[in-house]
Amino acid sequence: MYYKNNFLMCEDIPIVELTKKYDSPFYAYSKKSIVDKINILKNVFSKLDNYHIAYSLKAESNLSLLKIMIENGIGADVVSANEIRRFINASGDPKEVVFSGVGKRVDEIEYALSVGIKQFNVESIDEAKRIDEIAKRMDKKAKYAIRVNPNVDAFTHKKITTGTKGDKFGVTFDTILNNIDLLKSLTNIELIGLDMHIGSQILSYKPYYDGINILLGFIDILKAKGFNIDTLDIGGGYGINYDGTSNGFDFEGFTEHVIPILKKSNLNILTEPGRFIIGDSGVLVSKIEYIKEEWGKKYIILDASMSDYARVALYDAYNDIKPLVLNDGKKLIYSVAGPVCESSDFFAHDRQIEEVNVGDYVAIDNVGAYGASMASNYNSLLLVEQVLIDGDKDILIRKKQKFEEIIANEL
Ligand code: LLP
């Protein structure tokens, strides 16, 4: 997004034009931004002989957006059978799917086996046993990697750290070593690799470097024990620039320090980015309903809320808030909140923003990842429209929910 003649633009469209057509609040995504980010990743990983980018659907899984990923040769990292269904629905090939997650149910494993996914990322020994039993019953074979918790600090928010001691994810290498014979006895599933995912919104290459070195050491041990390991999944987690204080993930350092060890390993490398691909492509457009002054503070009350975008309430996330039309450039200090009855329903506290008026619109920036995908019907608010911007075209990619739909299953 950028300003042109005081109008906030997304690709070639002044966003304020969209407010005449779509119902505030709504999400808008730039196709160009998504494709550019995919190309950055491809450029980094193309130094390897064998790599596979599996987009993490949990970041955002609108079918039209998935289609852009698929058209650009990207596979899927999923955490539920329904995410596999989404990917297939968007014309994705199940053979491109990696199935992660600590709690895969029997019906989900059955579905994944029936469509024939690329691999399971297994998070406990009992899960490996369960997949093997189901595969045997269904007369199927499957490949799997084991997610290892390497206990490295990713230096990110504590609620999105996943690879340190005490996290629920993955297994310790000791657990694998204590179960070697058992793993060898599972005949319908084949252990082909190790996997890690150490956290989200990571900015430094260093935790990857540390985690990957630990996993490569484990892989050598597994090979010596007779396993035919050819895959290393390094997870997702590459951060974006939310607040202007960083350039986002350090791919320069990653290219210099991490890519060479991956290349030397000669393994098939998988990576599972979500936020990096979609995060900065999305904005949430919202109308100012009220501006009130209390306690010496100015409160902007938007029509968007934590039901549309929960990350500020959940993780104290920072997102830029920009008026769709700039006036005279004067700035004031505002706190920006939503209509939901929760004290945490805020988008910003005491933030300097261009002066705005009731009825103006603002864009909350960089909300493409974990925005619409984490939205809820809290306070019986409806899931909002999603719009795709492609050059000078705007395309509705999800309709607004109707009240009748949110009560449809209630008896
Ligand atoms: N792979 C696995 C196994 C994951 O659990 C995740 C994210 C990813 C890949 C993708 O991570 P990414 O590249 O997007 O960082 N709701 C939180 C983020 C939760 C991340 C969960 N796992 C937030 O809004 O910050």
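Here, the structure is the one placed above.
The numbering scheme is per chain: residues are counted from 1 as the chain's sequence reads. With pLDDT at 70 or above as the cut-off, local features in this predicted model cover only qualifying residues; side-chain atom pairs require 80 or more to be listed or tallied, and sums for whole chains, interfaces and linings still use all residues. Neither water nor hydrogens contribute to the side-chain values; these are computed over all heavy atoms in the structure.

Peer 1: Any chance you could explain the overall build of the protein chain here in plain terms?
Peer 2: Looking only at helices and strands, the protein chain features 13 helices and 20 strands. In terms of overall size, the protein chain behaves like a compact globule, its C-alpha atoms giving a radius of gyration of 23 Å where 411 residues would be expected to give roughly 22 Å. When burial is assessed residue by residue, the protein chain has 55% of its 411 residues classed as buried. Total accessible area on the protein chain is roughly 18200 Å²; 48% of this is exposed by carbon and sulfur atoms. In the protein chain, which carries 49 positive and 59 negative side-chain charges, the distance between the mean positions of the two groups comes to 3 Å. A run of H or I in DSSP becomes a helix once it reaches four residues, and a run of E becomes a strand once it reaches two; helices and strands are each numbered from the N terminus. All radius of gyration figures rest on C-alpha atoms, and the globule criterion is 2.2 Å times the number of residues raised to 0.38. Only protein chains enter the accessibility calculation, which uses a 1.4 Å probe; a residue is then buried when its area is under 20% of its type maximum, exposed when over 50%, and partly exposed in between. Only the protein chains shown count as cover for residues, and the accessible areas themselves come from Shrake-Rupley with a 1.4 Å probe. As used throughout, the charge tally considers Lys and Arg to be positive and Asp and Glu to be negative, leaving His and the chain termini uncounted. Just so you know, the charge point we use is NZ for Lys, CZ for Arg, CG for Asp and CD for Glu.

Peer 1: What exactly am I supposed to notice about the packing of aromatic side chains here?
Peer 2: Two descriptors summarise a pair of aromatic rings, namely the distance from one centre to the other and the angle between the planes of the rings. Any Phe, Tyr or Trp ring, taking Trp's six-membered ring, that has another such ring centre within 6.5 Å forms a pair; planes under 30 degrees apart are called stacked, those over 60 apart edge-to-face, and the others tilted. This structure, assessed with the given rule, holds 16 aromatic pairs. Residues Tyr208 and Phe254 carry aromatic rings whose centres are separated by 5.8 Å and whose planes lie at 85° to one another, so their mutual orientation is edge-to-face. With Tyr208 in helix α9 (residues 206–224) and Phe254 in helix α10 (residues 251–265), this pair connects stretches of sequence that are 46 residues apart. Pairing Phe249 with Phe251 gives two aromatic rings, centres 4.7 Å apart and planes at 70°, and the pair type is edge-to-face. Of note, Lys37 hangs over the ring of Phe276, and the distance from its end group to the ring centre comes to 4.1 Å. A cation over a ring is seen here: Lys104 above Phe99, with NZ or CZ 5.5 Å from the ring centre. The criterion for a charge sitting over a ring is simple: Lys NZ or Arg CZ within 6 Å of the ring centre, and within 35 degrees of the ring normal.

Peer 1: Which parts of the structure should I look at to understand helix α6 (residues 125–138)?
Peer 2: Since the α-helix packs 3.6 residues into each turn, any two residues three or four apart lie on the same face. When the terminal C-alpha atoms of α6 are compared, their 20 Å separation across 14 residues agrees well with the 20 Å that a helix rising 1.5 Å per residue should span. Buried within α6 are the following residues: Ile125, Glu127, Ala128, Ile131, Asp132, Ile134 and Ala135. In this structure, the buried residues of α6 make contact with α5 (106–115), β8 (119–122), β9 (142–147), α7 (173–177), α8 (180–185) and β10 (189–195). Expected helix span is given by 1.5 Å per residue-to-residue step, counting one fewer step than there are residues. Any two residues whose heavy atoms approach within 4.5 Å are treated as being in contact.

Peer 1: I tried to follow the site of the ligand on my own but got confused; where do I start?
Peer 2: Nearness of a residue to a molecule or strand requires only that one of the residue's heavy atoms be within 4 Å of it. Not every one of the 19 residues close to the ligand is listed here, only the nearest: Ser200, Gly237, Glu272, Arg311 and Tyr370. Think of a polar contact as two N or O atoms within 3.5 Å of one another; within protein, one of them needs to be a possible hydrogen donor and the other a possible acceptor, and neighboring residues in sequence only count if both atoms come from side chains. The separation between an oxygen atom of the ligand and a polar side-chain atom of Arg311 is 2.5 Å. For the ligand, an oxygen atom lies 2.6 Å from a polar atom in the side chain of Tyr370. Coverage of the ligand by the protein amounts to 91% of the 590 Å² it exposes when considered alone. For the ligand, the cavity whose grid points lie within 2 Å of the majority of its atoms is the largest pocket. Domains are outlined according to an automatic or database domain assignment. Three or more residues apiece are contributed to the shell around the ligand by two domains, here domain 1 (2–29 + 279–407) and domain 2 (31–278). The way it works is a 1 Å grid over only the protein atoms, where trapped points that fit a 1.4 Å probe form a cavity and open points with protein on both sides within 12 Å along at least five of seven lines form a pocket, and then any residue with an atom within 4 Å of a point lines it. Each molecule is assigned to a cavity or pocket provided more than half of its atoms lie within 2 Å of the corresponding grid points.

Functional significance is not addressed by these values, which are geometric in nature.
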